[in-house]
Structures are given as C-alpha cells and as structure tokens.
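# Observations on chain architecture
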Amino acid sequence: MKKILLSLAVLVSAFVTAKAQTADEIIAKYITAIGGADKWSKVQSIKIEGQVEVQGIAIPYTMQGIHMKGTRIDAEFQGNKIIDIVTPDKGWSQNPLAGKASLDPISADELKSKVDDLDIQDAFLDYKAKGSSVEFLGKDEEDGNEYFKIKLTTKNSNEKTYFFDIKTSLIYKIEGIVKQQGQEIKSSVKYLDYQTTDFGIKMAFKQDQGMMMMVTKKVTVNAPIDAAIFKAN
Amino acid sequence: MFIKFKLTGWFLLFAFFVQAQTTLNSSYFQVMGARTLGPSTMSGRITAIEGITADGQVNLYVGTAGGGIWKSQNGGQSFTPLFDKYCQSIGALAIEPGNARVVYAGTGESNMRNSVSIGDGLYKTTDGGNNWQKIGLDSTERISKIIVDPADKKTVYVSSPGPLWKSSSHRGLYKSTDAGKTWNKILFVNDETGCADIAMHPTKTGTLFASFWQFRRKPFAFSSGGSGSALFKTNDGGKTWNKITKGLPEGDLGRIVITINPSKPSEVLAIVEAKTPGLYISEDEGETWKKLSSTENITARPFYFSTLVYDPKDPKRVYRPAFDFASSTDGGYSWNENTFGGVVPHSDHHALWVNPNNTEMLFLGTDGGVYLSMNKGTTWQFLNNLPVGQFYHVSADNQTPYNVYGGLQDNNSWMAPNTSPGGVSSVDWRTIGGGDGFWVQTSLVNPKIVFSESQGGEITRVDITTGLSYGIKPKKLAGDDDHRWNWNTPIVTGPSVKRSATGKPLYNLYIASQYLFRSTDDGRNWERVSPDLTTNNKAKQQQSENSGGITGDNTSAENHCTIFTVTQDPKNENRIWVGTDDGNLQLTTDGGKTWQNKAAGIWKTGVPENTWISSIEISSLDQKRIYVTLDNHMYGDNNTYVVVSYDGGNTWKKFTSTEFTGFAHVIREDIVNEKLLFLGTEMGLFFSLDGGTTWMRSKYQNMPWYNLVRDIKIQPQTNDLLIASHGRGIYIIDNLQPLRELVKADVNKEAILFPIQNFKYEFDPQYPRPSVNLTGWVGETKVSAPTIYYYLNQRSNESVKIEVYDAANKKIKDFNGTGVKGLNKVYWPLNINPPKVAQGGFIAQSSVLSSSVVSPKVPVGKYKIVVKANGKSYEQLITVEANPAKGFTIQSIELLYRQGMRLHSLHEQLATLVDTLNKTIATVTKAAESDTAKKAKLVQLDVYKHEILELNRKSIFFDEFKFRRKVSDLYVAVATALEPLSPVQEKGIGLLEDEFKKFRSRFFEMIK
C-alpha cells in the first residue's frame, strides 16, 4: 500500500512541478523524442513524396535531398512545373504560376535564407558543431497548449523560434523571419501528425502553413539519389 | 475524518486518470474571432515612441496607454501590434543603442490621469519584438523611463513612479548590470514617492539625474507634490547621490522633468512643479539652476505632460510637447507654440522621437495618436494607421446593418456601421459629439435620435436627420443640492409600455448625478426619480478646494459620490438598479418612489465595503438574477470583483477564478443561454460557459489577451457580441449561436455537427467604397455565407470532408473543412462543384484556369450538409432562402443557376471531347509510323485541336481565343454573376452550344 501511494505521489508531482528547464535539456529531450541522435546522424539522403493542399486542391510534390549537398523540390499543377533547387553555393527556381517560367538562378539573399535547409538531419542535432547557437525564450502558450521557446541562430545568421511541446517534447511550431527591403515579415509553420518512418526517425507528416498544408505521403531514407538533379539543366 | 478525506482524494485522482475530461479554454473556439472596427482616424493616447534606423529603414516602436506596442519598419507608414499576449498599458520603451532588435518595454503608463491603467512589470525582446520575456519589477505598476547605457549595454536604468492609488515600496530607481537578468533598487525615498524621470550624461554615462515625485490619487482627489519630491544627481552610476537644490524653488515640489543637452552636456533643462512652477536651466551639469521665463503650456499639468526633448544635433533647439507643441531655437529661453498649415496635432502630448539621422523628422505621440513632421515641427501629418482608441462604452441600434456607438477618452463620441464594403475603415466613422466621449445611446423609438455626452454629464441630443445638436443636461431645480456628475456619467435607455397623449410609443431615457433623472421625451423634460442615492460623504466632495495638490487641477475627473451605473429591467420599467461610485447599490421596484440599498449582501461575500459599483446586469431570462461588477482599484486594490444574486439582490455570491486579472468593469449574460457569461476587466475578456462556475480568458479571439474591456453588449438581431476596448477600439464577435451550442454540447464527444442556421441569399456588399488613399487602417469584413460549425474533441490528422446534397439527395459539392481542436467554422459559398475543364496548354491567369475553380450558385431549397471526420459522418439540413430585399428572388436565382449549368455542362462535354481527341491522336500517332495516310490524319487532328485549345499561348501576356477560351469567358462571367443574363444575352450560350455541336460532328466525321 505504501509503495503504491509513493509512486502515485511521484506521478502526481510530475504533473504539478514545473521544473526549470535549460535549452540543452529541452533539445536533448526533443532529439530523443524524434528517434535519437544515433538514427538521425545516419540520415544521408531523403526523399519525401507528398502533396500541397490549398483551398481543396492537391498539388503533388517530391522533395529529394542529399545531406549538405543539395535539395530539390518538384511539383506540378495543371501542366505548370514548379522546381526549387538549393546547393551550398547556388540555387535555382521555376514557378510559372508566380511568373517565373524558366529555371533561373535565385538571388544571394534567397539562397542565404534557404541554405540551412541542406541540413536534412535535424537542425538541433549537434547544433553547436554546426555553428548554430540557441537562446531559451521561456514558456509560451499557443492554441491552448504550453510550449518552451528556443531561438536557434545558424552560422548563416538565419534565426528561427521553435516551440517545443511541454508534454511531448516535439516541435509544434517554427517562426521565421523573411526580410525584404528592410521589412521583417514573420512566417510560421505548425508541425502536425508526427509519425515514425521505416528508418526509425520521427517526423511531422503535416506542415500547416496557414493558407496551405504540406502533407507527406511517403518518406524514403538513404536510397541513392543522383546528385546531378541539383543543378539547372 | 482523515481517512475519509484520503479516500475522497483517491477517488478524484482515479477519476482523473480513468476519464480525461475535456477542459475547455478559449482556443476551443478560436474560430469565434473578433472583427476590429477601429477607428484609426481618431486614434488613442500614445505614451512612448522610440526609433532607430535599421537596414536603411526608420524602425519605430510605439507604446500606447491601452493598446500595447506597435512596430513600424517603414517610418510610420504601417504598424503591426507585437505585444498582444501581455499587459496593454505601456509606460516606457528603450532600444538598446545600436541594436534595433533589443528593446525593453516597461508596462504601466505614468501619465497619472484618473483613467490611467496599470502595468505588471518590465519586458524585453532580443528579436525585434517577435518574442518577449518578462524580466522583473512586477509590482511597480508604472514605469516612466528606461535608459540603456550606450557605453555598457548591460547596464540599464529604470525609473518607476510606482503605484498611483496606494503606498508601496515598489517604486524608485532600479538598475541592472546584467542586461535585465537581475535588478537592484539604487534610489528610494519613501512609500509615497517614486522616480518620475531620469536623464543620463551622453558621454560620462555614470552621471545621471533622477527626479523623485510624491503623488497620490484617491477616487475623489489628486495630490501632486510633497516633501518626498526632489532632484538627485549621481556621478558614479548610482552608488552615491546628491540632492540638487541650488537655484531650484523652495518648499514642497511636485513632478520634475529633466533633460540633458546632448550636444552640450553641461547644459541641463528642468521643468519643476512647485507653488510657482517654472522652467529651469543649469549650465554647470546641474549643480546650480536659474529660472527661465515660460508660458503656461510649458508648465501646465505636470502629472500629464512630462516630456522635454533636445534636438540630437542642434544645441539650441528644444521641444516641449505638452498641452500644445512648443519649440525653442534658443536653448529654452523663448518658445514658439504655433503650427503653420497642415494638421494641428491633437492636444495633450506625451512622447516625441527626433530621428538623429535626420533631425527634420519628428514623431509626436498625443492623446489622439501619432503625428509626423518632416520640418522640425513646423507642420504635421497624422498617421491614420493606429487603431488604439480608448472607448468607455459601446452601444448599437437595430438598423440594417446596425451601427455601433461609443465615446473615446479625450476623443469625442463616434458612430460607424458594423460592416462596410471592404471592411470598416476610418472614413466609415463619424463623430457625433465633442469633448471626452463616454456613453452614447439611441432613442429606442427613433434611431435617428442619438444621445452623447462629454465629461461631467454634458449630454446632448443629436438629430442625425437634421444634423443639429441640443444640450439637454438636467438643470438644478428647487430642492436639489448642487448636482454631482461623474466624469463618466451614465446615459441609459429602457423600454416603456407607456404611450404619448397622441398614442405614440415611448421609451425611458435616464441620466444620473447623485440623483436619477428620467425623460420620456428625448431629454426635453427631466423628472428626478430619486433622492441622493450616494453616501453623500462631504469629505469626498472637496474637489474645487484641494484637488491637484501643488498645482490645482479640477476637471470633473475627481467628482465623487455620484451615480456610475443605471440599469432598467427591460421587462418592468418600474424596476431600476442604480450603482454609485461610493458603493451603494440601490433598487427601486416602483419606478423611483422608494429605494432600497442592497449592497450589504455584497460586502458579506468578501468584497470590501464601499467598493465602486462598475456595472449591473439584470438577466433578460430571469429577472431575479442580477450580476454586479465592482472596482476597488482607486483604493489600491486591483482584484476582480464580480457577484451574482439569484434572488433579486437579497443574497449574493462571488465569482472567483485563478484566471481573473484586472479590476472588473462589466459583466453580460447572454440573451438566450443563461450559462454563457462575458466579463470585461482592465486586463482581459473572460468567458464562462457554465454560469460563472469556471472562467476562461479570451486568448484566441484576435484580441489582446489582456485587453482593457470596458463594456460588452449583445446586438439582439444578429446576436453579435460588441466589445468596447480602452485601447484597441471596438471589436465584434459575430453571432454567438455556435458558442451557445458549445455550452449545451457534451464536449467529451469526438465530434459534433451543430444545427446550421438557415441562410437568406446575400453577398457581401462591394460598393460604394471610399478611396483607398483615405481609408487608413481597415478592419476585417463580415462574411455573408451559410456557415457550418462543428466541434472536434481533438485536432484531426485526416482532412475533414464536407459534402452538400440537394433535395434529390444528389451530391453537388465537396470541399475540405478545417480540423482544428474545438469549434471549426466553414463557409459554404452556395456553389456546386466546378466543371471538369478540357486540359492542355498554358492556362495560368486565364478564364480557363478560373473555370476549374468557380461554379454556379445553387437555387433556393433544402440542402443536406454532411461532415466526415475521423471516419464518421454527421448530418444537418440547411434551407437556402430567397432574399428579394437584397436583389435575389426565387426566379432570378433559379434562372442564373440554369444558365450557369448550361455552360457548366458545355465545359464538361468539351473536356470529354478533348479526352477522346487526345486518345485518338495517341492511337493515330502510333499507327502513323508505318502509314502515310495516318500521317495526314494526324496533321488534320492537330489542326483541329488547335481550333479548340489555346496551344500557342506561352505567357500570361498573350491572349489566345479558341473555343475553350470562349466557353470559359462566358462560363466564368455567369458563374460569378449575381443576376441572370437577359433573354437576349442568354442567346450567347446557345451560340456556343451550336458551335460545340459542330466541333463534335467534325470530330466524328474525321475519325469515321
């Protein structure tokens, strides 16, 4: 009887005590929650097939990436091919719907804002070794739940604020800033529907960007990808 | 006993684990988002402006009295609020020198007027305001200035005058040497005296001045000045201080403003409140002082005007923003107070930022918003983009669309339609009375008659038809004591069953001093229907003798022992409740012949005696249920007091909640569901869905979490909730019906589809619209469409599907719903699924692309709505009705639908034809490899295909009109039209149908 009481007391206290957290503790819990550093550090290439859902329309897309070498997104909507390629020193994009009919180089500023995405492992995995720094921004509330906020600044000076779910340790939301003509424009993405892939890593299968939802259908890790796809023809 | 307690505890614990009950918070109904109406054309009180140039743009942070912090990254051309999760009253801001992204924000305004709000500490951002963290000084209530040492940016000084309404040790000068992590109070005088102002030497940053000020407000008096007030100086960063007196006035001092000349730091200016107030200059770093001549504008109302700013570059140029804007070009020896051309800035100035990189450029913060000068204050322009007006009350009429009315702190009384094409904007607002505005009411029998007031009960009747205004304040008559009118005098209407001599319906109009007055003829005649209903405590009525302290100040703001709130039972005009500012709660049940004070029962619940009655709400569903809010902040008690009586006021129960913050202004019970309650306090809007047992803060309704909510009303025709915020204008939450459904619902259920309200054909008005050059800040539009509300207990990972079926049970529309936790809100824009459109070619930005998105609107009738979530289906019916008043008859809707469907069908037939054509071309292409006849056929087919599809189009700037495009143009026109084609115009459809038949026969001819 005494034993049960004690364990229940522990359980209850786990609910009520708000332990002081440091950024590194939160990050460590997060890495464990998404499958662990060991698994993630083995991710060398990734292929994600999914669709963008916007106003009831579904646009299929494929994202392919080789860690730190290149990423490429291909999508097609009613005959319009949308392509986005990023490599460490160059990038190209094509989007006829936005008036860019051919695959042209992107600006240095745009490349700088995208180059961190070449890290197809997690941004928080060995973040110090990658030259990033973090700042704990305290607790916050979003959509009725509580989150720890951490600001991550990469070596490319890209700054994002991550919301870590206090209960699941997973990232719920990322806020970033896009700078144009001296104006900072805030953007935010919510990460939903975490699923464990065959490879054993956990990923959000939905990214809610407000007006549109990116839905992942299939994830393939470490299948061979031809690096030749990371350049304009 | 012990065992029993334990067992109960165990039981509760297990119950918790066995069945996790859904505990609602306001995120469960975030779809009930409020629309903001502004206005920005009459903005609100600005308390702080700080700027810095970053990335070539002038960045501004603007602090407001009750609307949080707003940021501009383009020199004031547009602003974004960035403090919406925190206390909305801002006292001071400081940008870390050289770093536009590090900002300190001190909450709690220090312009010590009667209606000033309260802060809860100091905040800091390191990312330009996207994220804030509270860093201390929680109990100071007010912060007047923050200085970051430019030589050591980890050193920060914060001056806090401290609490206004009570003694407190939480005031004085604070210093941090670790960028705000920890704080030390480095100078303190006594519990009555706080630090009003600080100034730092521009290069010897250990040299600072700190002015201390003894002050106190009571509900009935203000006192500025006392033996605690003094000017101090340190040369060692605050380790040691000297009191500065040489050349300054003797005797008790009041508030002192101090500023150091940045170009010539030996020169220091100070405005000193004293028996004879004056402007003083020192030329020896503040050691000795001499008096300069000054105008009343320079020295008036020290508690309200405490800004004095040197030009950052010109040692002779000084600005004194005060009642009016004054500037000096000789170091403060003489002043110019004129404005030449342009807009004259709103009076009462509290903030000024001079751009150090371009000293022509000034931003001035006033009681009515921000003004920009590009010529050092010679002329000004108003920034019409900050909706931070401070309403005291809101009311609505019953016109279509209904109008909202309300009075703004120092900014007149206003009216605006609740909705307007393109959104309610500045130009939709009209002023209907001057002075400070408070209550505005319309006649209950003629909405063209409007009553507004300025401070102290100066009521006027405005006839909107003639535009004429009449003063109708009740006059003192024989037997009356001198009337005492509250600053914010109640004007209230109530229905009446009485008729005029000629048989016209009447209504009751009330206004109250210490007496209640009633009129049944629009305020032409007043009948006094009560004795003095207050405590009539003479000690609280000495305003004209001693209010203001050292500087006399008596503007009716401290009038006391007055009636503050009046509520007539809507179903019984003889039953009237009256609440006074000195804690009497009076009830008459005989139309004012006899009165009973029912307050004693409230004090028994633990509310301090004589607490100000801020509002009374009589349930419209049960007249025995009365709610009262009480406000004791003027005695230094900021608790939220709200009580309810279920027995007509004999016994009372206090509502409590850990969610509550801020003294209470208003409580409202829903007019349909008595479990649904709304509470407005100085720091938030709160909902109860269970009759007051539990409460939740409104966080997800598009309003600041700590919104200063002064008044709440429900518009009975639309069931809209109107919110008067004292710092962010008017908010409307459209149609409370889904919230009522949520109150009744079992929220532990996986999903619930609520009954769908029938819809009368209507579309949002498009015109007339004002010029976009004039609209300023614009609010959200009201959406007119059938609205489907459903509840999900958990966020759905799968898409929620919505289907619409017609009366023949044929599915006509599929679309996706949202899948958020709690209430979901989806509009059905009355349309069917779009047609399948023939594929091929580049179609971006053409009617061909639009054709696959737009679709005809349905005829009137019954429709079934099916919501599919988590593998289950939920159904409700909706009736779509005609609305001839808005231009939609049964016939016109039916005809428009039929015309649309002809083209819809044409599109689908064409798509099928093109599919077949493509298949044929594929087959023929294969065969053509060995057959020359087939090659010729292929050419023929290709020519044919080019006649149907726009295959030469490669860019959005190239229009090509082939058959598909012709069908698309007419289809899109009809599908988006709001009236049918005339019989003559409709013949255009027939032409296309004929043309299609020819295309089809040619095709069959070709492949024969």
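Note that the coordinates shown come from a computational prediction; the quantities given were computed from them, not determined experimentally.

## Digging into the overall build of chain B
For chain B, the count of helices and strands is ten helices and 65 strands. The C-alpha radius of gyration of chain B comes to 34 Å, within 12% of the 30 Å expected for a compact globule of 1008 residues. In terms of overall dimensions, chain B has a C-alpha envelope of 115 × 75 × 70 Å along the principal axes. Evaluated residue by residue, chain B yields a buried proportion of 51% over its 1008 residues.

## With respect to the overall build of chain A
Summing up its helical and strand segments, chain A has four helices and 13 strands in all. Over its C-alpha atoms, taken along the principal directions, chain A stretches across nearly 70 × 40 × 40 Å. Counting over 233 residues, chain A shows a buried share of 23%.

## Focus on the confidence of the model for chain A
Residues of chain A with pLDDT of at least 70 account for 91%, and the chain-wide mean is 88. Confidence drops under pLDDT 50 across residues 1-19 of chain A; counting only partners more than four residues distant or on other chains, this segment forms one contact.

## Remarks on the sheet that holds strand S36 (residues 458-463) of chain B
Residues and elements named next belong to chain B. If you trace the four strands from one edge of the open sheet to the other, you get S34-S35-S36-S37, paired in antiparallel fashion. Each having just a single partner strand, strand S34 (441-442) and strand S37 (468-471) make up the two edges of the open sheet. Across four bridges, the pairing between S36 and S37 is antiparallel. Among the inter-strand pairings, Asp-463 is bridged to a residue of S37, identified as Leu-468.

## Concerning helix H9 (residues 963-975) of chain B
Residue and element names in this part refer to chain B. The end-to-end C-alpha distance of H9, which contains 13 residues, comes to 18 Å, matching closely the 18 Å that a straight helix rising 1.5 Å per residue would cover. Residues of H9 that are buried: Phe-963, Arg-964, Arg-965, Val-967, Ser-968, Leu-970, Tyr-971, Val-974 and Ala-975. Along its buried surface, H9 packs onto helix H6 (847-851), helix H7 (890-928), helix H8 (932-948) and helix H10 (983-1007).

## Looking at the interface of chain A and chain B
Counting residues at the interface gives 25 residues for chain A and 25 residues for chain B. Elements supplying a minimum of two residues to the side of chain A that touches chain B: strand S7 (133-142), strand S8 (145-153), strand S9 (159-165) and strand S11 (183-196) of chain A. With five residues, the top contributor of residues to the side of chain A that touches chain B is S11(A). For the side of chain A that touches chain B, the residue count by class is six nonpolar, nine polar and ten charged.

## Points about the environment of Pro421(B)
Structurally, the position occupied by Pro421(B) is in the loop between strand S32 (413-417) and strand S33 (430-433). Residues in contact with Pro421(B), not counting those within four places in the same chain, are Pro765(B), Gln766(B), Tyr767(B), Pro768(B) and Arg769(B).

## Concerning the domain arrangement of chain B
Domain assignment breaks chain B into domain 1 (46-382), domain 2 (598-744) and domain 3 (787-1007). Summarising the inter-unit geometry, the C-alpha centres of domain 2 of chain B and domain 3 of chain B are found 50 Å apart.

## Topic: the packing of H7(B) against H10(B)
Residues and elements named next belong to chain B. Running from N to C, H7 and H10 point in directions that differ by 15°, and their axes come no closer than 11 Å. One finds that H7 runs roughly parallel with respect to H10. The chirality of how H7 crosses H10 is left-handed. Taking contact as the criterion, the partners of Gln-899, Arg-902, Leu-903, Leu-906, Gln-909, Leu-910, Leu-913, Leu-917 and Thr-920 in H7 are, on H10, Glu-986, Ile-989, Leu-992, Glu-993, Phe-996, Phe-999, Arg-1000, Phe-1003 and Ile-1007. The residue makeup of the contact of H7 with H10, split by class, is eleven nonpolar, three polar and four charged.

## Section: H7(B)
Here H7(B) is 39 residues long and its end C-alpha atoms lie 56 Å apart, about the 57 Å a rise of 1.5 Å per residue gives. Contacts from the buried residues of H7(B) go to H6, H8, H9 and H10 of chain B.

## Section: unusual backbone geometry
Residues and elements named next belong to chain B. The residue after Gly-38, namely Pro-39, is reached through a cis peptide bond having omega 10°. Tracing the backbone shows Pro-39 in the loop between strand S1 (34-38) and strand S2 (46-54). Looking along the chain, the bond that leaves Thr-400 and enters Pro-401 is cis, with omega of -10°. Mapped onto the elements of the fold, Pro-401 is located in the loop between strand S30 (395-396) and strand S31 (403-407). Look at Asp-522: it is not a glycine, yet its phi comes out positive at around 60°. Inspection of the secondary structure assignment puts Asp-522 in the loop between strand S40 (516-519) and strand S41 (527-528). The exposure class assigned to Asp-522 is partly exposed, which follows from the 18 C-beta atoms found within 10 Å. We note that Leu-830 has phi near 65°; this positive angle belongs to a residue other than glycine.

## Some details on the confidence of the model for chain B
Residue and element names in this part refer to chain B. The pLDDT averaged across chain B works out to 95; a share of 98% of its residues lies at or above 70. Scored below 50 in pLDDT, residues 1-19 makes one contact in the model with residues more than four places away or belonging to other chains. In the predicted complex, the global pTM is 0.93; the interface-specific ipTM is 0.87.

## Points about the sheet that holds strand S12 (residues 172-176) of chain B
All names here are of chain B. Read across the sheet, four strands follow the order S10-S11-S12-S13 without closing on themselves; strand pairing throughout is antiparallel. Each edge of the sheet is formed by a strand with only one pairing partner; in this case those strands are strand S10 (145-148) and strand S13 (184-187). Mean inter-strand twist for the sheet, computed between neighbouring axes without regard to direction, equals 25°. In the sheet, S12 pairs with S13 via three bridges, with the strands oriented antiparallel. In the strand pairing of S13, Lys-175 is matched with Asn-184.

## A word on the packing of H7(B) against H9(B)
All names here are of chain B. For the pair H7 and H9, the least separation of the axes is 9 Å and the interaxial angle reads 150°. When the axes of H7 and H9 are compared, the pair comes out roughly antiparallel. In this structure, the crossing between H7 and H9 has a hand that is left-handed. Mapping the contact onto sequence places Gln-899, Gly-900, Leu-903, His-904, Leu-906, His-907 and Leu-910 in H7 and Arg-964, Val-967, Leu-970, Tyr-971, Val-974 and Ala-975 in H9. Taken together, the residues that form the contact of H7 with H9 break down as eight nonpolar, four polar and one charged.

## Section: the pairing of S32(B)
Working note: regular strand, side chains alternate between the two faces of the sheet. All names here are of chain B. Most of S32 sits inside the fold, with four of its five residues counted as buried. The sheet contact formed by S31 and S32 spans five bridges and is antiparallel. Residue pairing in the sheet places Val-404 in a bridge with Ala-416 of S32. Hairpin connection from S31 to S32: five residues lie between these consecutive antiparallel strands, with Asp-410 at a positive phi of about 55°. By the bridge criterion, three bridges tie S32 to S33 in an arrangement that is antiparallel. Opposite Ser-413, over in S33, you have Gly-433 as the bridge partner.

## Quick word on the environment of Val854(B)
All names here are of chain B. Structurally, the position occupied by Val-854 is in the loop between H6 and strand S64 (861-869). What makes Val-854 partly exposed here is the crowd of 19 C-beta atoms within 10 Å. Sequence separation between Val-854 and Asn-831 is 23 residues, and the spatial gap between their C-alpha atoms is 8.2 Å. Contact partners of Val-854, with chain neighbours within four places excluded, come to Pro-834, Val-972, Ala-975 and Thr-976.

## Notes on the nonpolar core
All names here are of chain B. By size, the foremost hydrophobic cluster in this structure holds 124 residues, and its most contacted members are Leu-516, Ile-723 and Ile-730. Top contributing element to this core by residue count: strand S60 (residues 787-792), with five residues. Counting residues domain by domain, this core receives three or more from each of domain 2 (598-744) and domain 3 (787-1007). With sequence-adjacent residues up to four places away left out, Ile-730 is seen in contact with Leu-37, Phe-391, Val-394, Val-404, Gly-406, Leu-722, Ile-723 and Ala-724.

Rules of the game
Counting starts from 1 at the beginning of each chain's written sequence and moves along it residue by residue. Lettering for chains starts from A, numbering for ligands starts from 1, and both go in the order in which the items are written. Two thresholds apply to this predicted model, a pLDDT of at least 70 for residue-level local features and 80 or more for giving and counting side-chain atom pairs, whereas whole-chain, interface and lining totals are computed over all residues. Each helix is a run of DSSP H or I of at least 4 residues and each strand a run of E of at least 2, with the numbering of both proceeding from the N terminus. Radius of gyration means the value over C-alpha atoms here, while the globule rule gives 2.2 Å times the residue count to the 0.38 power. Between the buried cut of 20 or more and the exposed cut of 12 or fewer other C-beta atoms within 10 Å of a residue's own C-beta lies the partly exposed class, and all C-beta atoms are placed from the backbone. Known as pLDDT, the predictor's per-residue confidence is scaled from 0 to 100. In this description, any two residues whose backbone-derived C-beta atoms lie within 7 Å of each other are considered to be in contact. What makes two strands pair is DSSP finding at least two bridges between them. One less than the number of residues in a helix, times 1.5 Å, gives the span that helix is expected to have. Under the grouping applied here, Gly and all other residues not named as nonpolar or charged are polar, the nonpolar ones being Ala, Val, Leu, Ile, Met, Phe, Trp, Tyr, Cys and Pro and the charged ones Asp, Glu, Lys and Arg. By convention here, the domain bounds are inherited from an automatic or database domain assignment. Here, axes are lines fitted to C-alpha atoms. For helices the fit covers the stretch in contact, and angles between N-to-C directions go from 0 to 180 degrees. Throughout, the term roughly parallel applies to angles under 35 degrees, roughly antiparallel to angles over 145, roughly perpendicular to angles from 65 to 115, and oblique to all others. It is the rotation of the near helix from the far one that decides the hand of a crossing: anticlockwise by less than a right angle makes it left-handed, clockwise makes it right-handed. Structurally, a nonpolar core is described as a collection of buried Ala, Val, Leu, Ile, Met, Phe, Trp, Tyr and Cys residues joined by way of C-beta atoms within 7 Å.

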